[in-house]
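Tertiary structure, described
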Amino acid sequence: GLFNGSTIDRAIGYKGVQSTQDWLRYLTLKGQAFSVTTGVATSGASAGNNALSLFNPTASGKTVLVYILKSFSATAGQPQTSLTTADPALGTPLTPLNNMPGSSNSSIASCTTSASTVALAGNIQDVGSIAAAGLYEAIESGRCLVLSPGNGIEHGLYVNATSKYGITIYWVEF
């Protein structure tokens with residue numbers, strides 16, 4: 001089983017790895033850790049949700065554990081995270097990066113983004129606020145989301161027209 005926080009897991013760990021962070025490092029060294037980002041992007045001509053989606057395809061045969069999800073806005077913004085059971089397939093596909101440069105492993109995840117206003121899909125899992133230019137962490141240190149096959153996450157950031165923003169997600173696949 002996976003690390004579930006029990007005393008035994010903390011003492012023995014997963015496959016001999018002694019902590020959650022060590023487990024993430026272990027999977028990174030195996031080429032099973034990935035990230036994707038919008039980079040610094042500019043929102044469209046009208047205010048609205050700009051989004052990044054990470055979806056674990058139904059036939060992937062893998063589980064995705066998301067451990068960092070963050071966004072920033074150069075102006076005030078309202079971030080929202082939804083859990084999805086269908087790939088929202090936003091307008092622009094993104095290629096996940098393997099967090100072990102040189103690894104030949106590719107991610108099974110579908111990653112898409114849209115700088116145009118989108119309606120967020122799925123069930124709302126988290127909402128927040130960026131009062132002025134700043135960073136928002138939808139998954140704080142120590143938290144994670146587990147996406148079994150056929151499930152995903154969509155993070156949208158409602159910002160003013162032509163605002164700078166960015167969304168980044170880190171995960172492992174096993």
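Each remark here, short or long, concerns the structure printed above.
Note that this is a predicted model, so its numbers are computed, not measured.

**Side note on the nonpolar core**
Leu54, Val66, Ile153, Ile169 and Trp171 are the most contacted members of the largest nonpolar core, which has 23 residues in total. The element contributing the most residues to this core is strand β13 (residues 164-173), with 4 residues. Setting aside its immediate chain neighbours within four residues, Ile153 contacts Leu52, Ser53, Leu54, Leu69, Thr81, Ser82, Leu83, Thr84, Leu145, Leu147 and Ile169. Counting 7 residues, the second largest nonpolar core, distinct from the first, contains Trp23, Leu24, Leu27 and Val172.

**A closer look at the pattern of salt bridges**
Tallied over the entire structure, the rule returns 1 salt bridge. A salt bridge links Glu140 to Arg143; the nearest nitrogen and oxygen atoms lie 2.8 Å apart. Using a relative accessible area of 38% as the deciding quantity, one classes Glu140 as partly exposed. We classify Arg143 as partly exposed; its relative accessible area is 30%.

**Examining the environment of Phe34**
Relative to the helices and strands, Phe34 resides in strand β1 (residues 33-37). Given a relative accessible area of 2%, Phe34 falls into the buried group. Spatially, the C-alpha atoms of Phe34 and Glu173 are 8.1 Å apart, while their sequence positions differ by 139 residues. In this structure, Phe34 is in contact with Pro96, Leu97, Asn98, Asn99, Asn105, Ser106, Ser107, Ile169, Tyr170, Trp171 and Glu173, ignoring residues within four places of it in sequence.

How each quantity is defined
- Residues numbered from 1 in each chain as written.
- Predicted model: local features only at pLDDT ≥ 70, side-chain atom pairs only at ≥ 80, totals over all residues.
- Heavy atoms only, no water.
- Core = buried A, V, L, I, M, F, W, Y, C linked by side-chain atoms within 4.5 Å.
- Buried < 20%, exposed > 50% of the residue type's maximum accessible area, 1.4 Å probe, protein only.
- Helix = DSSP H or I, 4+ residues; strand = E, 2+ residues; numbered from the N terminus.
- Contact = heavy atoms within 4.5 Å.
- Salt bridge = Lys/Arg side-chain N within 4 Å of Asp/Glu carboxyl O.

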